[in-house]
Structure formats: structure tokens, C-alpha cells
Number of protein chains: 2
Amino acid sequence: MIYLDNAATTYPKPEKVIETINYHLRNLGGSTGRGHYQWALEISRKVYAVRTKVAQLLSIDDPLRVIFTYNSTYAINMVLKGLLKPGDRVILSSMEHNAVVRPLRSLEKKGVELVFIPCGPEGVIDLETLRNEARLGARLITVLGASNVSGTIQPLAEIGKIAHDNNILFLVDGAQLAGLERIEVDNWHIDAFAFTGHKGLYGPQGTGGVALSSRLARLLEPLIEGGTGSLSEEEYQPDFLPDKFESGTLNSAGIIGLGAGVDFLLEKGISSVVSHERKLRDFLIEKLVREKNINLFGPLDSQKTTGILSFNIKNKDISTITNILDRDYGIMVRAGLHCSPLAHKSLGSFPIGTIRCSFSLFNTQDEVLFFSKSLNEILRRG
Amino acid sequence: MIYLDNAATTYPKPEKVIETINYHLRNLGGSTGRGHYQWALEISRKVYAVRTKVAQLLSIDDPLRVIFTYNSTYAINMVLKGLLKPGDRVILSSMEHNAVVRPLRSLEKKGVELVFIPCGPEGVIDLETLRNEARLGARLITVLGASNVSGTIQPLAEIGKIAHDNNILFLVDGAQLAGLERIEVDNWHIDAFAFTGHKGLYGPQGTGGVALSSRLARLLEPLIEGGTGSLSEEEYQPDFLPDKFESGTLNSAGIIGLGAGVDFLLEKGISSVVSHERKLRDFLIEKLVREKNINLFGPLDSQKTTGILSFNIKNKDISTITNILDRDYGIMVRAGLHCSPLAHKSLGSFPIGTIRCSFSLFNTQDEVLFFSKSLNEILRRG
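1. A closer look at the interface of chain B and chain A
Counting from both sides, the interface comprises 85 residues of chain B and, opposite them, 85 residues of chain A. Taken over both partners, the interface formed by chain B and chain A buries close to 6800 Å², and the fraction arising from carbon and sulfur atoms is 53%. At the boundary of chain B with chain A, the tally comes to ten salt bridges. A:E15 is the salt-bridge partner of B:R26, the closest N and O atoms lying 2.6 Å from each other. For the interface between chain B and chain A, the tally reads 54 residue pairs in polar contact (both at pLDDT 80 or more). Within the side of chain B that touches chain A, the residues separate by chemical class into 31 nonpolar, 35 polar and 19 charged.

2. As for the pairing of strand β10 (residues 308–313) of chain B
All names here are of chain B. The buried fraction of β10 amounts to six of the six residues, a majority that puts the element mostly inside the structure. Residues I308, S310 and N312 of β10 are buried on one face, and the alternating residues L309, F311 and I313, pointing to the opposite face, are buried as well. Examined bridge by bridge, strand β9 (residues 294–297) and β10 share four bridges and lie antiparallel to one another. Bridging from a neighbouring strand, F297 pairs with S310 of β10. For β10 and strand β13 (residues 354–358), the ladder comprises four bridges, and the chain directions are antiparallel. Across the sheet, residue I308 finds its bridge partner in β13, namely S358.

3. Things to note about the nonpolar core
Residues A:F193, A:L212, B:F193 and B:L212 are the most contacted members of the largest nonpolar core, which totals 190 residues. Each residue touching A:F193, except ones within four places of it in the same chain, is listed here: A:L58, A:V172, A:G174, A:A178, A:I183, A:V185, A:G209, A:V210 and A:A211.

4. Structural notes on the relation of the copies chain B and chain A
Screw-axis analysis of chain B against chain A gives a translation of 0.0 Å along the axis, an RMSD of 0.0 Å, and a rotation angle of 180°. Look at the turn and shift together and you get a two-fold axis relating the two. With an isologous cut-off of 70% or more, the 100% of interface residues of chain B that recur at the interface of chain A puts this contact in the isologous class.

5. Some points on the pattern of salt bridges
Charged atoms that come close allow side chains of opposite charge to pair. All names here are of chain A. Summed over the entire model, instances satisfying the criterion amount to 48 salt bridges over all chains. Residue D5 pairs with R356 through a salt bridge whose shortest N-O separation is 3.1 Å. Taken together, the positions of D5 in the loop between β1 (2–3) and α1 (15–27) and R356 in strand β13 (residues 354–358) put the pair 351 residues apart, joining distant regions of the chain. Residue classification places R356 among the buried positions, given a relative accessible area of 2%.

6. So, helix α12 (residues 365–381) of chain A
Residue and element names in this part refer to chain A. For α12, with 17 residues, the first-to-last C-alpha span of 24 Å sits near the 24 Å given by 1.5 Å per residue. Along α12, the residues classified as buried are E367, V368, F371, S372, S374, L375, I378 and L379. Down the axis of α12, the buried set is contained in an arc of 160°. They therefore lie on one face. Among the exposed residues of α12, those pointing more than 90 degrees away from its buried face are D366, K373 and R380. Looking one or two residues beyond α12, the residue adopting positive phi is G382, at roughly 95°.

7. Quick word on the sheet that holds strand β9 (residues 294–297) of chain A
Residues and elements named next belong to chain A. The strand order β9-β10-β13-β12 describes an open sheet built from four strands, whose pairing is antiparallel. Each having just a single partner strand, β9 and β12 (334–336) make up the two edges of the open sheet. For this sheet, the mean angle separating the axes of adjacent strands, direction not counted, is 30°. Here helix α10 (residues 318–329) sits on the sheet and contacts β10 (308–313), β12 and β13; the angle it forms with β12, its principal contact strand, is near 165°. This element, α12, spans β9, β10 and β13 of the sheet and lies at about 10° to β10.

8. Details of the side chain of A:Q205
Within the fold, A:Q205 resides in the loop between β7 (192–196) and β8 (208–212). Within the local environment of A:Q205, its side chain forms a polar contact with the side chain of A:T9, the two groups lying 3.4 Å apart. A distance of 3.1 Å separates a polar side-chain atom of A:Q205 from the backbone oxygen of B:G30.

9. Re the pairing of β13(A)
Residue and element names in this part refer to chain A. Counting buried residues in β13 gives five out of five residues, a clear majority hidden from the surface. With burial as the criterion, each face of β13 is covered, one bearing T354, R356 and S358 and the other bearing I355 and C357. Taken together, the three bridges between β12 and β13 define a ladder with antiparallel strand orientation. Residue pairing for β13: A335 is matched across the bridge by I355.

10. Some words on the domain arrangement of chain A
Residues and elements named next belong to chain A. Segmenting chain A into domains produces domain 1 (2–10 + 269–381) and domain 2 (15–267). On a C-alpha basis, the centres of domain 1 and domain 2 stand 27 Å from each other. Of the residues lining the interface, 36 residues belong to domain 1; the matching set on domain 2 comes to 36 residues. Each partner contributes to the roughly 2700 Å² buried at the junction of domain 1 and domain 2, and carbon and sulfur atoms together form 58% of this total. Counting the surface domain 1 buries against domain 2, the share from its top three residues, I270, T306 and L342, is 21%. Between domain 1 and domain 2 we count one salt bridge in total.

11. Things to note about α10(A)
With twelve residues, α10(A) ought to run about 16 Å at 1.5 Å a step, and its terminal C-alpha atoms sit 16 Å apart, in line with that. Every buried residue belonging to α10(A) is among A:I318, A:I321, A:T322, A:I324, A:L325, A:D326 and A:Y329, and all of these are buried. Where α10(A) is buried, its residues meet β10, β11 (331–332), β12, β13 and α12 of chain A together with α2 (38–57) of chain B. Backbone geometry just downstream of α10(A) places A:G330 in the positive-phi region, at approximately 65°.

Conventions used here
- Residues numbered from 1 in each chain as written.
- Chains lettered and ligands numbered in written order.
- Predicted model: local features only at pLDDT ≥ 70, side-chain atom pairs only at ≥ 80, totals over all residues.
- Heavy atoms only, no water.
- Contact = heavy atoms within 4.5 Å.
- Buried area = accessible area lost by both parts, 1.4 Å probe.
- Salt bridge = Lys/Arg side-chain N within 4 Å of Asp/Glu carboxyl O.
- Polar contact = N/O pair within 3.5 Å; in protein donor to acceptor, adjacent residues only side chain to side chain.
- Nonpolar A, V, L, I, M, F, W, Y, C, P; charged D, E, K, R; others polar.
- Buried < 20%, exposed > 50% of the residue type's maximum accessible area, 1.4 Å probe, protein only.
- Helix = DSSP H or I, 4+ residues; strand = E, 2+ residues; numbered from the N terminus.
- Pairing = 2+ DSSP bridges.
- Core = buried A, V, L, I, M, F, W, Y, C linked by side-chain atoms within 4.5 Å.
- Least-squares fit on C-alpha atoms with pLDDT ≥ 70 in both.
- Expected span 1.5 Å × (residues − 1).
- Arc of directions from axis to C-beta.
- Axes fitted to C-alpha atoms, helices over the stretch in contact; angles between N-to-C directions.
- Domains from an automatic or database assignment.

Below is the structure:
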């Protein structure tokens, strides 16, 4: 079995992640932030340690500004819906995932104005247009840090500077970027960096969150309110971090497992992970360009991307091909629009979509070779 | 170690739950509803099977009306904030948890009217007052199915009839009830039954959800929008179930683990689980009433409750006592308000709060005996 859908969720998970979750489920009862008995305190300490690791990974100085959520979609909705009011203007790239587009389309119906910034054929945001629109004022700029379709990495530091210079808040959908690039949330003037736990951070599903600036943390109304284990005598939501934005029981085992994933990543080194993935991407491009009728989307230069490659094939139904790859060769890749119609419109692959290969540290060159040979065989079969 | 905080989260988890999660994390890559390769389809099938089990448990006919969320607090917020508009009137019991009270207090500031129905000394809602208020009209009645403080079970069928007769929607916070009573969501006219996965259903944290009536599912606006793996070409949220309310990657391993928890529960039989917990509660009451200066809160008759018992002690600091129980005897119980100031006001234990013992199927009479002896020793020590 060859798994090339790591942009959906990384597989396999590091052994240490599985063991950590297993240990937690077997040996520790209690919830983080609830109770003062030894297990509850141990869980609370461990969850706090994960906050610290994520803060380190994202270069923010205060772990309490790391908020844990169910997934990055939740984190993005929490920012958009907790912040935006009718009349607000939002600037977004034309590469956004539906995690951002769908809540914004919904807010648009309530009077929020959306301004889409075009992206070039490689999917990179047009900074000049962005700068001009930013000068006209806006409440928020929101950008997909790395595309889930083409892997394209956006120039976040430059975009952050534009946001900062124009006093606009800056949200980054970092679902595909965290773990694959050094991210400096504070230095790059990012007010909210949403991340997921189960992709580049090698944790389990059901984890993720957002790193907030102090400014945004004050402005933002919580989307979910409820028991926090703190100020238990109060019928109103606490206004301090992280409790303001973390109601109900957290996924302790998952978060602590995510911590083991971040440890794994930091041990390997982010730069060696992304460099491994880029080598595989380069290798695949080298094989694919020899095929007739293949259209590659996004940058050919893998230094501009994460380990994702999207393509489709002239006059071929891509779903049929991925079904054959799965059934006859045990190769798992995705065909379609990957929840990102806007990105495909930008890249020129709408409405057909693409076959998407996405790598993790665990993929090998042999697997990529087998994939390209199998694809070649299917195409020659006709 | 004696763990008596099962109302926070049950511990231990059944071996099968841990094994199921472990197997999933180790052997299956992919996300539910994303991709058509074999692992993705296997995950989707397994998650659907859990929907079916939960639907069976809650007596609803369509598994697609089971929505999975991060926890029950999220599910409750999704209903309250997706439904209520300024000017709406909401009737709630005076036993509610902050999972309901905090979002409602926030909505109150935006013009939602709150009507609190008093509860008697046992924590049971006053049906006559409820009936009178319901006749005046309301958008929603919301009731905590079983109290996390006293274990008190509310007469849901009767409340549902009142809601139905007055054309009012009915939300039940079932976090403490699911798995401990036969619940007939449709027959009892419940429009939303919020549940958590990691308490009476013996699943992991990071799971939970809500069973919706078709009527409410149509009315409700989604709180979180984003990628659903469906209608990938659309920039607007799908309006079918469960996708309308499930955006972003679901916690597949957790949900499938929850399925193993529900299996465990159904094998044991809900009635034998609750009867075991009630026996332990009765046994503890029998021991505690012999102690001087102990105040018990909630029903003395355990047939009216789940396996939760709350008490405090005249002139004693309950936190100090639970700390000693933990440190010197390895007994884990909770002291405080348990995120439910309103319930303590109803029961007469505000602002001191209570020591709460809460049982699961795994607790034994010997453990309860050891607890009562240890408490007795501490109290005699002075």
C-alpha cells in the first residue's frame, strides 16, 4: 500500500504519537483544567507543555495565546465569525480553501464585503494589487499559508507587513503550512495563525487550533462558550486566555499525542522534512513531464511549495485513473477539487480538478517511482 | 488509585475502545468523507456505523441526523447560536450547566429573553411553572437531562410534551444522561439532544455531538462552515445532513473509538449500568448519613438520579478534604461548583459547592467503602 494523501492527513503517524495516546487512554483519568487530584494535574501539565511546544514552533512568546480547537476549520470560523460585523471589508486571496470561503460567503450575505486578490499561474498572491486594496482599508486580510492544491507558499512576511502598515488584522490558514516552514507569527504581524494537528504536525485528527495576537484575542468574541473549569461561580464566559476560547472538555489524549508529533518534527528538523518532501516532488515532476498530455498545476520549482503536486491528463477522467491506481496498484491519491473551487479557478484546473499527490517524511523515492510507473502503465493501456 | 470523577470523564475506558483507537491510528490513513481509495472508504463506512449505533441508542430513525462535534458544549452552542435571534424567548431550568448558561447569557446581551424555571430541593423542574410559561410562548425550552451536580434526572417525556403542545423547540443537554437511560429523542419531541462521547458512552475525549429533529435541522444555521468533502465545487455550505453541520476533518479515530464504547455499553445493557451505579450511590448514602455534619444535596432516592452524589460538610473546607483524600488515600473526587453555579443555587450549596462522587460501571462497592472510611478518618482527625 502506498499512501500519497498526506495533505488530507499524514500517515503513518510516528510510533511515539500512537504510544503516547495509548498510554494516556490506558493510564490517566480526568480532564485538563478540571479538578486538583494528581491525574487531573498531570493532564493539565501535559496539555500546557504542548501549548509551549506549539508556541515555540510558531515563534510566539506566550503559550496561553495558543488556543486548542477541534480542527483548523473550527479555528478559522472562530476568528471570522467572532470578529467580522456587517460593513466590514475582508481581503482574501484567490487560492483560499472552502474552510475560509464558505464562512465568508455566509458572512457576505450578512453584509461583509469580500475583496478577492488574484493569484498568478503559480498561485502566488499579487502583492501589488493587495497593497492597493489594503490602502483602501479593511478589517481583515486572510490568506492560505500554503495551498492544499498546488503546495504554493505565500509570502507571509510581506503580506503581514502590508497588513500592519495599513492597520488591518491578518489571518493565516496554516493547515498545510505548519510543520513545513519556520513561521514567525509575531514577527510577521500575523494576528491569527490557524493550524491543524493531524497533517504536518503528525498528531491525531480531532486536534488543531489557532495562535492569536494579544490584540485580536481582546477583540474577538468567543464562538463557543461554556464550562472552562475556571471561575465556576460565574454565569459569564471568562475573558482570559486560553479559557475565553476553550469551552467544554478538551481532547486531552489527542492534544498530548499532538505534542509527541511536534517533538518528532522538531527532532527531525522542519527544514529536513520539507527538503525531503520537495525532493520527492521534484522527482515526480521529472517523471511526469515525460508523459504526453499531462498538465501540471502550480510552481514547477518545488522550493516555492510544500510536498504537494497537482496535475490532470488531457481527455482522461481523473477519477477513473485514481480508482485504478487504488484497485490495481494499492496507491492512494486523490482526484477532484479538494474543497477548493477558488484555487482551481486561479490555477486553471476548474471544473475538472486534479490528481493530487502529497508527501510526508515517511514516503520514499521508490514509492514515487512505483506511482509514476503505474500511472504510465494505465495511460499506455488507454 | 480510586477514581470517582466519572462525571468529568469515565475511567477506565473499556479495553476494546483503546484497542480500536490504537488499531485505527496504526493502520488507516485518510479522513472520513474525503477520497475514494480503500482506506478512506473504510473510515467513512466505520464512521457511518457509529452514527447508526448512536441513532439506535437515542431512538431516532435516521443516522444522518446524528451530527458529530468536538464535545457537547460545542453541540449546545451550535443549537443556541444557530437558532436564536434577538427577541426570542428561551425557557430553561434552574439546574443548567454553564455549557448552556454562558452562551445564553451572551445571547441575552443581544436581546434574547431568558426565563428560568425553578427546581425543587431535589433539582427537579417545576412542571406547573414550566407549563404556564410555555403557554406564553417561546422559541426554545432547554433542559439539562441529568444534573452533573446531583445526578437528578428530569422528566424529559413530560417536558417534551409541553414543548410540543406549545409549538416550542426542545433542546436537551444530555452530557450526563446518554448511556444511563433509554432516551427516545423523536417520541419525546426532543429537537436537539446534545451528547458527549467520553462520559457515559465510554469513548474518548474529543468526541460528542447532537441528534437533531428534521425540523430543527432545516431551521438551524451552521455555526462552523468549511470543507465537507461534498459539493467541492461550491463556495457555499451544503444544506444536507450531516455535512451542513460537520465542517473540516472529523476525529475519525475518536469517533470509531466511541463506537466501541457504545458497543460495550449495549452489550452490558444500559439498565444494568445505571442500576450498578445506583447501588453504589445508595451504599455511599447509607455510609454518609451516619456522619455528623454532612449535608447531602439532591434526591436521596437514587432511582431519581444517575450515579452522582454531592455533599458538603459543616465547618469544613471541602477542597482541603479532597486534597487529603487524593494525597493520603489515592482517592480522586472533585470539590467545587462543577461549572454549575445555577444548580448549586437551586440545591442550596452555593457558593461553597460540594464534594462530588461520580461512578461508572468499573467502580466497586469496596472502593466506595474505602472512600467512606477514609473520609471518616479525615473527619475524626479534625
